[in-house]
Amino acid sequence: MAESMLTVEAALERLTAGLRPTEAETVSLADVLDRAPVDRAVTATHDVPPFANSAMDGFALLAADADDPRLVVGESRAGGPRPPSVGPGTAVRVMTGAPIPPGADAVVPVEEVDERGDRLVVRVAPARGAHVREAGHDVPMGTQVRLPRRPIGAATVALLAALGEVRVPVHRRPRVAILSTGDELAALGAPLGPGQIHDANGPALAAAVRAAGGEAVLLEPARDDEAEVESRLRDTVGCDLVIASGGVSVGRYDHVRTVLERIGSLDFWRIAVQPGKPLAFGHVDGRPVVGLPGNPVSALVTFELFVRPMLRALLDLPGDGRIHVPARLTARLPKSAPRRAYLRVVVAADPGADGYRAAPAGGQASSQLLPLVAGNALLIVPEGLEAGEAGATYETILLEPVA
């Protein structure tokens, strides 16, 4: 590996070193899904569940009572009136989730009794506590509940609701400005003139930002004009991060690099990664700026490797948030030997082995978007190898669910 090329890990360490999580804001429980929770403990102000209740439809009774038949003296249903007490020789019909009547210490499922009018014969004697959910068996009152460091999902919403939480503190979504550059860019939907292409990077990176938990601010693309690039970069006040695509290399019209050096600070790196070797990092008025390659595939892959972890750091979330699994490669995939390759593959469960298999999603050229769409994972082939070999197992990063 060339001395001048950083490893992926070294580049990522530099990118995230100075980042601090965004401040907290409070949102309603209805709006908390997929938000990053603030690291704090939620105190349970009551038991969850708040009362002992039945885990079955059946009859509540005293387990030690051997009298049969028993008199059914009433019923207990969820949300209903207070049920009558249970004593020797009696039972109360109880529904799933309904309170256990006073005096009862067990529930017999309906399948294990014979009903004879208002009398009951128990065919299977219950143990004390059978089918009884005690108050607080999930979360006792006073418990300090600390939410996992991951975006809030439906199960956490259910727990917060059960605890009676109405407003929830979360990290503010990082605002990310996205700038595409190049004279060749045509507006979406506009007819293409000679040498023009549609701007794929802007909408794609905006979608990637939102998927990672950020708020995308899509700037008007800048032509290959130094003054226009400067104007766009300065027009990012209030943003936590700026992403520029294109214009970060050493070409005559690569003005992003020039502007960053003049009005801010710039580190320009070559990273031992395929696709997406060149990457620029600097600051404008204190705002971090990441310059990604202009090729859409390279831009999206380097976003995944470098910008996504930056956004998660701003949300006080660890790592990249992706599932990594080993997968057996089904066909040989050549690569650049000095660089670590992230190849586009389709990962599927392997019914003939304990694990997964990875098939090429199509061509691996950085100019081919279709394989990135067709694939659901990036297969990592380390530095020093000339190819991923068929039959060998490699680490993969899952970008979509496995079929």
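To be clear, the structure that these remarks concern was listed above.
Worth saying up front: this structure is predicted, and the values here are computed from it rather than measured.

K.L.:
Account for helix 4 (residues 226-234), naming residues and giving values.
P.N.:
Those residues of helix 4 that sit buried are Glu 228, Val 229, Glu 230, Arg 232 and Leu 233. Close packing links the buried residues of helix 4 with strand 14 (175-180), strand 18 (241-245), helix 5 (255-263), strand 21 (278-284) and strand 22 (287-292).

K.L.:
So, the sheet that holds strand 14: which residues are in play, and what are the values?
P.N.:
With mixed pairing, the seven strands of this open sheet are ordered in space as 1-19-21-22-18-14-17. Edge strands, defined here as strands with exactly one partner in the open sheet, are strand 1 (5-6) and strand 17 (215-218). Bridge analysis of strand 14 against strand 18 gives five bridges, and the strand direction is parallel. Looking at the pairing, Ile 178 lines up with Ile 243 of strand 18.

K.L.:
Go over the pairing of strand 23 (residues 323-329) with me, naming the residues and quoting the values.
P.N.:
Pairing of strand 23 with strand 29 (residues 393-398) involves six bridges; the strand directions are antiparallel. The residue of strand 29 that forms the bridge with His 324 is Ile 397. Two strands pair when backbone bridges link them, and strand 23 and strand 26 (residues 356-360) are joined in this way by three bridges, in the parallel orientation. Bridge assignment links Arg 328 to a residue of strand 26, and that residue is Arg 357.

K.L.:
Account for the side chain of Asn 53, with residues named and values stated.
P.N.:
Within the element layout of this structure, Asn 53 appears in strand 4 (residues 53-54). Of the polar contacts made by the side chain of Asn 53, one reaches the backbone oxygen of Phe 51; its length is 3.3 Å. When residues no more than four places from it in sequence are discounted, the contact partners of Asn 53 are Gly 97, Ala 98, Pro 99, Ile 100, His 131, Val 132 and Arg 133.

K.L.:
Now, about the sheet that holds strand 7 (residues 90-94): what can you tell me, with residues and values included?
P.N.:
Pairing is mixed in the open sheet, where six strands are placed in the order 8-5-7-6-10-9. At either end of the open sheet lies a strand with only one pairing partner, and these are strand 8 (106-109) and strand 9 (113-116). Sheet twist, expressed as the mean angle between neighbouring strand axes with direction ignored, is 40 degrees. Of the pairings in the sheet, the one linking strand 5 (residues 58-61) to strand 8 comprises four bridges and is antiparallel in character. Bridge pairing in strand 8 links Leu 61 to Ala 106.

What counts as what
Residues numbered from 1 in each chain as written. Predicted model: local features only at pLDDT ≥ 70, side-chain atom pairs only at ≥ 80, totals over all residues. Heavy atoms only, no water. Buried < 20%, exposed > 50% of the residue type's maximum accessible area, 1.4 Å probe, protein only. Helix = DSSP H or I, 4+ residues; strand = E, 2+ residues; numbered from the N terminus. Contact = heavy atoms within 4.5 Å. Pairing = 2+ DSSP bridges. Polar contact = N/O pair within 3.5 Å; in protein donor to acceptor, adjacent residues only side chain to side chain. Axes fitted to C-alpha atoms, helices over the stretch in contact; angles between N-to-C directions.

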